[in-house]
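Single-letter residue listing:
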Amino acid sequence: QVQLVESGGGLVQAGGSLRLSCAASGSIFSSNVMGWYRQAPGKQRELVATIQSGGSTNYADSVKGRFTISRDNAKNTVYLQMNSLKPEDTAVYYCKLTNLGAWSAYWGQGTQVTVSS
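I will try to describe carefully the structure that is included in this document. (Residues numbered from 1 in each chain as written. Predicted model: local features only at pLDDT ≥ 70, side-chain atom pairs only at ≥ 80, totals over all residues. Heavy atoms only, no water.)

1. Let's talk about the overall build of the chain
A tally of regular secondary structure across the chain gives zero helices and 11 strands. Reading the chain from its N terminus to its C terminus gives the helix and strand order β-β-β-β-β-β-β-β-β-β-β. In terms of C-alpha radius of gyration, the chain reaches 14 Å, essentially the compact-globule figure of 13 Å for 117 residues. Once the C-alpha set of the chain is aligned to its principal axes, its extents read approximately 40 × 25 × 20 Å. A burial count over the chain gives 44% of its 117 residues as buried. Taking all contacts inside the chain whose residues are at least 6 apart in sequence as the whole, residues at least 24 apart take part in 53%. Surface accessibility of the chain: about 5900 Å² in total, with carbon and sulfur atoms responsible for 47%. Positive and negative side-chain charges of the chain, numbering 10 and 6 respectively, have mean locations separated by a distance of 2 Å. (Helix = DSSP H or I, 4+ residues; strand = E, 2+ residues; numbered from the N terminus. Rg over C-alpha atoms; globule rule 2.2 N^0.38 Å. Buried < 20%, exposed > 50% of the residue type's maximum accessible area, 1.4 Å probe, protein only. Contact = heavy atoms within 4.5 Å. Areas by Shrake-Rupley, 256 points an atom, 1.4 Å probe, with all protein chains shown as cover. Lys, Arg positive; Asp, Glu negative; His and termini not counted. Charge placed at Lys NZ, Arg CZ, Asp CG, Glu CD.)

Here you go:
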């Protein structure tokens, strides 16, 4: 089992910044993918960004140039630096870890991000 604990959400004005963190513990494979997803009210959960254990990243078009995903493998922690936030970024943000090979996936409990106009 893997436990994921997110932090860093909150309320911010449009144009502001927030940094999310997600610390993983438990049975973590050396080869894995960590990522951030979000779900706004009435909408499906969508990918925001992912980063592989080797460092390769992937972003949703809507956040490219504004958000940066990074990770500290020694701490099993993934970060999401969110700049130039927009009201449409308002959502619950979830951390996900996928152990490659076993293809087991785990989710955090979510953290609320609210961007006011």
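2. Notes on the pattern of salt bridges
Going through the model one piece at a time under the given rule, you end up with four salt bridges. Its salt-bridge partner being Lys 64, residue Asp 61 comes within 3.1 Å of it at the nearest N-O pair. Residues Asp 89 and Arg 66 are paired through a salt bridge, measuring 2.8 Å at the closest nitrogen-oxygen approach. Of this pair, Asp 89 sits in the loop between strand S8 (77-82) and strand S9 (91-99) while Arg 66 sits in the loop between strand S6 (57-59) and strand S7 (67-72), and the two are 23 residues apart along the sequence. For Arg 66, a relative accessible area of 11% gives the class buried. Several salt bridges converge on common partners, so that one network encompasses Arg 38, Glu 46, Arg 66 and Asp 89. (Salt bridge = Lys/Arg side-chain N within 4 Å of Asp/Glu carboxyl O.)

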